[in-house]
Structure formats: C-alpha cells, structure tokens
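Report on the structure
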Amino acid sequence: MTKNPSVLKWLEDMKALVTPDQVVWIDGSEEQLEALRKEACSTGEMIKLNEEKLPGCYLHRTAVNDVARVEGRTFICARKEEDAGPTNHWMEPQSAYKMLYDIARGSYKGRTMYVIPYSMGPIGSPFAKIGVELTDSIYVVLNMAIMTRVGNKVWEVLGDSEDWVRGLHCKCDIDEEKRYICHFPEDNTIISVNSGYGGNVLLGKKCFALRIASFLGKNEGWMAEHMLILGIENPKGEIKYVTAAFPSACGKTNLAMLIPPEGYRKNGYKVWTVGDDIAWMRIGPDGRLWAINPENGFFGVAPGTNEKSNPNALHTTKAGTIFTNVAHNLDDNTVWWEGLDKNPPENAVDWKGNPWNGKTSDVKGAHPNSRFTAPAKNCPCISPKFDDGAGVPISAIIFGGRRAQTTPLVYQSRDWNNGVFVGSIMASETTAAATGAVGVVRRDPMAMLPFCGYHMGDYFKHWIEMGEKLGDKAPKIFNVNWFRLDEDGNFIWPGFGDNLRVLEWIIDRCEGKVGAEETAIGYVPKAEDINLEGLDFSIDTLKSILAVNKDQWATEAEGIEEFYTKFGGKLPAELRKELDTLKANLK
C-alpha cells in the first residue's frame with residue numbers, strides 16, 4: 001500500500017465513480033496471484049491446463065465481439081485537435097472524460113476493484129516509469145503480472161512523486177457500441193471501457209508503453225518506439241545490439257528470437273533477445289543511444305507459431321502462460337492453434353466455446369488474433385541484460401516492410417536524417433504474398449502509425465532532434481525487406497535464421513569493416529560481402545534482390561509525396577529535402 005497523496009486522492013475519486021463492493025491491492029506475491037487464479041477458475045473466467053504438460057498455464061476466452069485492438073475506438077484526447085495530428089482519432093478531453101465517466105459510473109457494483117501498481121522497465125531503472133491500473137478483471141491482473149513488474153516495491157520507488165500514469169479499466173457490459181480506449185497525454189491518464197481483450201485493457205502495453213510514453217519521450221528528450229531489441233554475439237564474445245521496427249506480419253517476433261544458421265552456430269554465433277515489441281531509448285552518459293525493453297513478458301500471436309517458425313517463442317509458452325482464444329484439446333487438457341502442427345485435435349472446444357473436431361471442421365479452432373501471454377524469462381535466448389536497468393547500447397536501427405519488389409534486401413541510409421526519411425516512408429503491401437500481385441501500399445512510419453500519442457509531424461521532428469543530440473555517436477540506420485517475390489509469387493530470400501547473414505553485414509558496416517555501393521536510395525551491399533556459405537543461394541540471385549530499379553522508385557517517390565501531404569506544415573523541412581534529393585538522384 002502507499003501513502004502517496006496523488007494516488008490516494010485519485011483512488012478515492014475512482015471508487016466514488018465506479019462503486020466497487022471491495023478493493024484489493026495487488027502486492028505481487030505468488031500467494032495472492034495463486035488465490036486469484038483459483039478464483040478465476042471457480043467462476044469459469046479461466047481454465048487450468050494440464051499441469052504436467054503446461055505447468056502453471058491457463059486458457060481464457062474473450063467475448064466474440066472483443067478479439068482485437070479497435071483503432072476506430074482508440075482516441076488521443078489532447079487539448080488541441082492539432083496536437084493529436086492527422087493519423088489519430090481525437091476527442092476533446094473534457095467531453096471525453098464526461099462520456100467515459102457516464103459509461104463507467106457504478107460499473108463495479110457487485111465487483112472487486114483491483115489496484116495494480118506496476119513498473120514499465122526494471123523497478124528503479126533510470127529508464128523506468130510507473131503506472132497504476134484499476135480493473136475489475138482478474139484476467140487483467142494476471143496478465144499485467146506477467147507483462148510488467150507488479151508489486152509493493154513499485155510504491156517504494158514512487159514515494160510521494162506525482163510522476164505516474166493513471167489507468168482505469170472497466171469491463172462494463174463489453175458493449176462494442178460503447179467501447180472506448182482513450183489517452184490523455186497531458187494528464188498521464190488512460191481510460192478503457194467495455195473491453196476485456198488484452199490489447200485494449202492491459203494498459204501498460206501499447207497504451208502506456210507507446211502512446212503515452214511517446215509523448216513523454218518528446219517532452220523529456222527520449223524515445224518510445226515500437227521496436228524489438230536484439231543482441232548479436234560473435235565468436236569472440238563481443239555483443240552488438242540493434243533495434244528494429246516492422247509493421248505487423250513482417251516477422252518481428254521471429255527476428256527478435258532468431259536462431260542462427262547451423263554454420264554460424266558452430267562458429268560460436270549467438271543471438272540474445274532483449275525485447276520483442278517495444279524499446280525505450282535515451283542518450284547515456286557516454287553520449288550513445290541506450291535501450292531497455294519496458295515489458296516483462298511477451299504478448300504474442302499464437303497462430304503460425306510452431307517448432308519450425310519460432311521454436312524459442314513456442315518454448316517460452318510452455319510454463320506460466322495465459323492463452324487467449326485458442327482451441328482447447330479436451331483429450332489431454334492442452335491447447336492448439338492453426339499452424340502449431342499438422343495434427344489438430346478431434347475432441348476439442350474452439351475459441352468461441354463450441355465443440356470442435358479439427359479433422360473435419362471447416363471453422364478455425366483458434367481466432368486468427370489469438371494470443372499467449374508468457375514470461376520473458378522463459379525464453380531460451382533471453383539476454384543476460386534483460387533486467388539491466390542501464391539498458392544496452394544500440395549500434396544500428398533497422399526499419400523494414402513487406403514489399404514484393406522495389407525495396408532491396410537491405411540498404412543503409414546516408415546519414416541520420418536520411419535514416420529518419422527511410423523510417424518515415426516504411427510501407428507494406430496488403431496482398432497475400434502467395435498471389436505475387438503487388439498490392440496496395442500501406443505506409444506505417446517507424447511501425448508507429450497506430451501508436452504515436454501525438455502529431456506524427458512533431459514525432460518526425462523529435463527523431464531529427466535526437467539525431468542532432470547524438471551527433472557522430474548516433475546509431476547507423478538501415479532498411480530490410482525479406483519479402484521480395486519471384487515471377488511465380490515465391491519468396492526469393494530464405495528468411496528466418498538466414499536473416500542473420502544480413503544482420504552480420506549491418507554490424508560490419510557499423511564497424512567500418514566492409515564497403516558498399518552508393519545508389520539513388522542509399523548504400524547497398526556488394527553481393528560478395530554477404531556471407532552465403534552453407535546456403536543454396538546463388539550470388540546472381542542475391543544481386544537481383546539488391547538491385548535498385550529507378551523506375552519503381554520514381555513511382556515510390558510519387559507515393560511518398562502524396563503520403564507527406566497528410567502532415568501539412570508540420571512535415572519537417574529536413575524530410576522534404578530528403579524527398580527532393582531522392583527525386584534528383586532518380587533522374
């Protein structure tokens with residue numbers, strides 16, 4: 001418990017609003033969490049799974065109308081509409097508070113209010129930030145206890161400070177017409193009503209760690225980014241760290257937990273996972289950019305996760321994990337999802353709670369956005385630096401997207417501002433890769449489009465200002481595209497573990513060990529500088545996916561021009577200049 005006056009006053013105000021039958025303070029102890037697990041099982045909110053095969057694991061099902069983040073119901077409630085920017089939905093704060101409080105009023109009647117103190121980042125780290133979430137959901141408590149650092153130590157670190165993020169979550173009636181996830185960046189406040197799905201209700205996740213934190217970072221001179229953090233250890237035992245941002249369905253989790261190809265493993269290469277989703281970065285005492293993963297667990301998409309695609313992620317789910325909206329195998333009380341293996345259970349219950357035979361049914365057993373919430377410490381390749389409050393120094397920042405053509409396998413920006421330009425034009429194509437058709441290009445700058453808590457033009461400007469502060473100690477910036485297709489619509493580059501070959505070139509570039517060829521878009525590798533040893537892949541094929549096609553890039557430049565009009569006068573002049581340079585280079 002705490003004596004912090006700002007916490008206690010807010011708590012009294014919220015209790016008066018939602019009128020719970022009782023209040024339970026979450027202390028982070030295993031005894032308390034175990035009692036909550038038992039309670040959730042007794043009410044049917046969760047199902048305990050096979051203790052021998054999946055120790056400490058549980059299954060939960062959300063309402064059928066509540067299975068994913070709802071961007072159309074997610075608002076940035078800045079005082080001025082202009083500050084939310086053209087990429088966010090905006091609501092005026094006072095009217096938003098009134099609407100939300102009217103929905104929430106009395107919604108805890110007959111329910112318990114759980115008070116969750118949590119730290120984003122290792123408790124006491126100079127990077128860390130503290131939040132308090134109020135919820136009427138045991139599912140939320142148990143997930144937050146995996147995803148963040150929860151408990152009484154948080155109160156000790158907070159003391160009497162007013163620097164903490166307020167979070168109110170009310171399940172209400174899970175009414176999708178009254179579902180709102182609202183952020184008040186100037187008030188350090190998040191309110192979520194009428195949802196029980198993780199991405200909308202685990203308020204430490206995207207709500208705090210990106211939308212609120214990106215705004216805090218702009219004001220306080222640091223960065224909150226939608227990025228994995230990865231350590232690459234060479235045979236000498238030297239570790240270099242990179243961060244990487246990818247839109248969804250571009251292999252972010254697979255890269256975060258990459259397993260080196262056999263030849264690299266034999267030579268002593270290792271890959272260490274610091275984070276799979278979010279990086280908070282600030283300039284360290286040595287002038288370099290340092291990063292922590294503010295989370296304590298992984299909130300991963302289950303379908304497609306298997307022994308081949310991501311063995312480390314699968315291994316991470318084997319204990320202490322909460323599975324949401326997957327199929328329940330009744331024969332051995334375990335879980336299953338599409339893409340786990342080729343042996344779906346015949347005697348099962350699907351994610352909606354209906355009897356399901358995976359051999360004969362034409363409906364999916366697991367929802368396509370079904371999830372696992374797993375402790376990061378379970379991951380076989382978790383970095384020894386995972387809990388280090390000082391973070392890790394970043395050598396390179398990598399952007400990427402899913403493009404059938406146009407973008408080469410890898411290229412390096414000419415300098416920091418050019419790298420910000422490269423991040424700002426990140427894009428993926430919406431078509432199924434199998435068709436081979438070039439689909440609609442969706443731009444997702446720095447993979448932050450749904451998560452930036454303020455005007456994206458100001459966000460680009462903040463990136464440029466960070467580069468000015470870092471000077472010659474700034475990380476090098478690269479772009480990758482694992483998804484080039486051949487004429488038949490097949491992926492050309494093998495991907496997965498072999499992506500380490502590209503990362504090796506990136507590290508070599510950071511250390512000045514290899515040259516590169518200057519092109520209209522930046523520096524592209526000489527094909528012979530990417531190690532193809534042990535890979536059935538010709539150097540000519542490699543050259544074909546490193547090539548820069550000026551006609552395709554001229555079309556790309558038109559698309560960038562159109563995209564940039566969104567930001568009006570807030571587009572930094574530096575990015576306008578980069579676009580002009582690109583066009584001139586293409587002539």
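Residues numbered from 1 in each chain as written. Predicted model: local features only at pLDDT ≥ 70, side-chain atom pairs only at ≥ 80, totals over all residues. Heavy atoms only, no water.

According to the stated counting rule, one finds five cavities of 30 Å³ or more in the structure shown. Estimated volume of the largest cavity: approximately 110 Å³. Lining the largest cavity are 15 residues, and of these Thr407, Ile425, Met426, Ala427 and Asn479 lie nearest its centre. Counting residues per element, the ones that place at least two in the lining of the largest cavity are β29 (476-480) and α16 (550-564). In terms of residue class, the lining of the largest cavity is made up of seven nonpolar, five polar and three charged. (1 Å grid on protein atoms, 1.4 Å probe; cavity = no way out; pocket = protein on both sides within 12 Å on 5 of 7 lines; lining within 4 Å. Points joined across faces, edges and corners; volume = space filled by probe spheres on them. Helix = DSSP H or I, 4+ residues; strand = E, 2+ residues; numbered from the N terminus. Nonpolar A, V, L, I, M, F, W, Y, C, P; charged D, E, K, R; others polar.)

UniProt tags Cys250 as "active site" (unreviewed entry). Examined against the element boundaries, Cys250 turns out to sit in the loop between β14 (239-245) and α9 (252-256). What makes Cys250 buried here is its relative accessible area of 1%. Discounting chain neighbours no more than four positions away, the residues touching Cys250 are Gly401, Arg402, Ser428, Trp482 and Phe483. (UniProt positions renumbered as here; feature names shortened; annotations may be inferred. Buried < 20%, exposed > 50% of the residue type's maximum accessible area, 1.4 Å probe, protein only. Contact = heavy atoms within 4.5 Å.)

Within this structure, the stated rule accounts for 25 aromatic pairs. When the centroid spacing of 5.3 Å and the interplanar angle of 80° are considered together, the rings of Phe563 and Phe567 count as edge-to-face. A single burial state applies to Phe563 and to Phe567, both of which are buried. Chaining the aromatic ring pairs together yields one cluster made of Phe215, Phe421, Tyr454, Tyr459, Phe460, Phe563, Tyr564 and Phe567. The ring of Tyr180 is capped by Arg73, whose NZ or CZ atom sits 5.1 Å from the centre of that ring. (Phe/Tyr/Trp six-rings, centres within 6.5 Å; stacked < 30°, edge-to-face > 60°. Lys NZ or Arg CZ within 6 Å of the ring centre and 35° of its normal.)

Here we come to the domain arrangement of the chain. The extent of an interface is frequently quoted as the accessible surface area lost upon association of the parts. Per the domain assignment, the segments of the chain are domain 1 (3-42 + 69-220), domain 2 (223-294 + 382-584) and domain 3 (296-376). Computed over C-alpha atoms, the centres of domain 2 and domain 3 are 30 Å apart. At the junction of the two partners, domain 2 supplies 11 residues and domain 3 supplies nine residues. For the pair domain 2 and domain 3, the summed buried surface comes to about 870 Å²; carbon and sulfur atoms form 60% of the total. At the surface where domain 2 touches domain 3, the tally comes to zero salt bridges. Our count for the contact surface shared by domain 2 and domain 3 stands at three residue pairs in polar contact (both at pLDDT 80 or more). (Domains from an automatic or database assignment. Buried area = accessible area lost by both parts, 1.4 Å probe. Salt bridge = Lys/Arg side-chain N within 4 Å of Asp/Glu carboxyl O. Polar contact = N/O pair within 3.5 Å; in protein donor to acceptor, adjacent residues only side chain to side chain.)

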